[in-house]
Amino acid sequence: MNRNLLNRCKALPLVCTVVGVLAQPALAFENAKVMPKGVNRFTFRFVNSLFSSKTNDSGTPLSLGNPIQKDLTFADVLKNEKDALKRELTAGFMAYSGYSDSDVLGTFTAEMEGRVSVFAPILARGITDRVTLALAVPVYDMALNTRVGFESKEGARAFRASLVEGYNNQVQGARDFVERINDAVDRLNNKLVDNGYRKLEPWQETGLGDIQALAKVGILTEGPVAIAGQAGVVLPTGRVDDPDILNDAAFGDGQWDTFLQFSFDQPVGQTGVFFNQYAKYTYQFQDTKEMRLKTAEESIEVDKAPVNFKLGNKFNAGASVQYGAAFGLTAGAGYNYFTKESDRFEAGESSSELEKDTFQQSHEAEFSVGYSGVPAFRRKEIPVPFEVNLSYKHQLDSQNMPVTHFVQLETGMFF
């Protein structure tokens with residue numbers, strides 16, 4: 001009964017993998033500043049987001065449970081009846097009673113809500129007055145609450161009545177039919193377990209994400225424009241999605257990345273206001289991981305095998321206006337653009353299905369407000385320089401990405 005429904009579940013791992021890669025520790029406003037030689041900064045970054053929908057390839061938001069929501073028709077029942085005699089008898093009775101294959105017996109429903117929290121300690125040190133090294137170690141706490149149900153329709157009630165009325169007198173058949181309808185969700189989970197999957201149930205995990213290491217170089221530090229470049233690597237230290245858990249979420253991509261970024265600052269006199277623009281390109285290296293060899297026709301009764309994959313390269317760009325007052329107030333507002341090329345898989349006939357809807361794009365607005373104790377430290381009013389910043393990212397538009405709105409709290413101390 002549930003095979004067609006199960007085939008619709010194939011999008012879930014992709015949904016949650018996307019969620020995992022969104023919660024990166026690098027969410028702060030960009031700038032062209034570098035640390036002075038010998039100065040260290042230790043930062044704690046806390047990021048939190050809730051989500052319940054994901055955009056499709058045309059940018060339309062859909063519920064995370066949308067891949068599961070599907071009508072159950074007579075055609076589904078006949079297709080999944082293993083007993084040939086019962087299948088023929090059911091088909092004959094349907095024709096005699098005036099039912100068609102497309103008549104709906106009920107609808108599978110699904111409610112899915114996700115939460116992601118990231119705690120990222122970040123250590124930066126000024127190696128020279130132009131070179132800063134930094135290391136970010138994100139720790140994830142993620143959860144996805146999944147509730148699956150089944151609502152029978154009038155077609156199911158009418159068919160049951162047809163079985164027992166008049167000369168038909170198919171009482172036992174009616175009982176079997178009602179049992180199948182009432183146990184639709186349990187049958188779904190049993191089918192998953194029979195094929196090596198975990199039941200669809202609430203999921204939560206905590207663990208290490210992909211560690212980032214970078215070097216930032218002040219290319220031009222004086223004049224009307226400040227320019228900085230940074231290069232780094234992303235280590236595959238985060239857990240990847242489990243192919244046996246449909247609603248699993250990854251904390252990392254499972255392969256090495258390298259990135260290059262340039263930032264440009266233009267100060268507005270001595271007002272404390274400056275404009276920033278940045279552009280970043282990330283190259284994702286090829287690697288191998290265990291995957292389900294699903295196809296458009298079948299996604300559950302499939303084998304697992306090591307698959308060579310190459311995730312799409314990423315491009316980030318943005319612009320902002322930022323302010324730092326002499327008494328310590330900081331604020332900013334900006335725009336960020338993100339795009340990722342489609343992924344590539346060497347999985348034979350499964351490749352096209354695995355690559356489907358893997359192109360990503362988003363537009364975001366970002367706002368922040370905070371306080372810097374550095375001016376007060378320079379005036380010898382406080383013993384230790386520190387910074388506190390609260391920022392918010394609002395997704396304006398996206399393709400194939402969870403609809404997320406990040407809130408971040410950052411605290412840092414210089415020593």
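Treat the numbers as computed from the prediction; the structure is a model and nothing was measured.

(A) Quick look at the overall build of the protein. Summing up its helical and strand segments, the protein has nine helices and 20 strands in all. With 415 residues in all, the protein has 48% of them scored as buried. The long-range fraction of contacts in the protein, counting pairs at least 24 apart against all pairs at least 6 apart in sequence, stands at 71%. Total accessible area computed for the protein in this model is approximately 19600 Å², and 57% of it derives from carbon and sulfur atoms.

(B) Quick look at the pattern of salt bridges. Evaluated as defined, the whole model comprises 11 salt bridges. The salt bridge partner of Glu387 is Arg41, with a shortest N-O separation of 2.9 Å. Separated by 346 residues along the polypeptide, Glu387 in strand S19 (residues 386-399) and Arg41 in strand S1 (residues 40-51) bring together distant segments of the chain. Residue classification places Glu387 among the partly exposed residues on the basis of a relative accessible area of 23%. You can call Arg41 buried: its relative accessible area is 16%. A salt bridge links Lys304 to Asp244, with the shortest nitrogen-to-oxygen separation between them at 2.9 Å.

(C) The arrangement of unusual backbone geometry in detail. Even without a glycine there, the phi angle at Asp357 is positive, about 60°. As for its placement among the helices and strands, Asp357 is situated in the loop between helix H8 (351-355) and strand S18 (360-372). Phi at Asn400 is positive, roughly 55°, even though this residue is not glycine. Looking at where Asn400 falls in the secondary structure, it is placed in the loop between S19 and strand S20 (405-414).

(D) Looking closely at the nonpolar core. Core analysis: the largest hydrophobic core is formed by 14 residues, its most contacted members being Val116, Tyr140, Met142, Leu144 and Trp203. Contributing elements (two or more residues each) for this core: S1, strand S5 (104-126) and strand S7 (139-152). Of all hydrophobic cores here, the second largest spans 11 residues; its members include Phe150, Val185, Leu188 and Val302.

(E) Representation of the environment of Lys356. Of note, Lys356 is situated in the loop between H8 and S18. With 299 residues separating them in the primary sequence, Lys356 and Asp57 have C-alpha atoms 9.6 Å apart.

(F) The sheet that holds strand S13 (residues 287-292), seen in detail. Pairing within the open sheet is antiparallel, and its three strands lie in the order S13-S14-S17. One side of each edge strand has no neighbouring strand; the edge strands of this open sheet are S13 and strand S17 (344-346). Each adjacent strand pair in this sheet contributes to an overall mean axis angle of 45°, direction not counted. Of the pairings in the sheet, the one linking S13 to strand S14 (residues 304-310) comprises six bridges and is antiparallel in character. Along S14, the bridge assignment pairs Met291 with Ala305.

(G) Structural context of the pairing of strand S9 (residues 212-220). One ladder, built from six bridges, connects strand S6 (residues 131-136) with S9; its direction is antiparallel. Of the residues in S9, the one forming a bridge with Ala136 is Gln212. In this sheet, strand S10 (residues 226-234) lies alongside S9 in antiparallel orientation, the contact comprising eight bridges. From the neighbouring strand, Ala215 faces S10, where its bridge partner is Ala231. The loop that links S9 with its antiparallel partner S10 comprises five residues; one of these, Gly223, has a positive phi angle of about 105°.

Reading the values: rules and limits
Residues numbered from 1 in each chain as written. Predicted model: local features only at pLDDT ≥ 70, side-chain atom pairs only at ≥ 80, totals over all residues. Heavy atoms only, no water. Helix = DSSP H or I, 4+ residues; strand = E, 2+ residues; numbered from the N terminus. Buried < 20%, exposed > 50% of the residue type's maximum accessible area, 1.4 Å probe, protein only. Contact = heavy atoms within 4.5 Å. Areas by Shrake-Rupley, 256 points an atom, 1.4 Å probe, with all protein chains shown as cover. Salt bridge = Lys/Arg side-chain N within 4 Å of Asp/Glu carboxyl O. Core = buried A, V, L, I, M, F, W, Y, C linked by side-chain atoms within 4.5 Å. Pairing = 2+ DSSP bridges. Axes fitted to C-alpha atoms, helices over the stretch in contact; angles between N-to-C directions.

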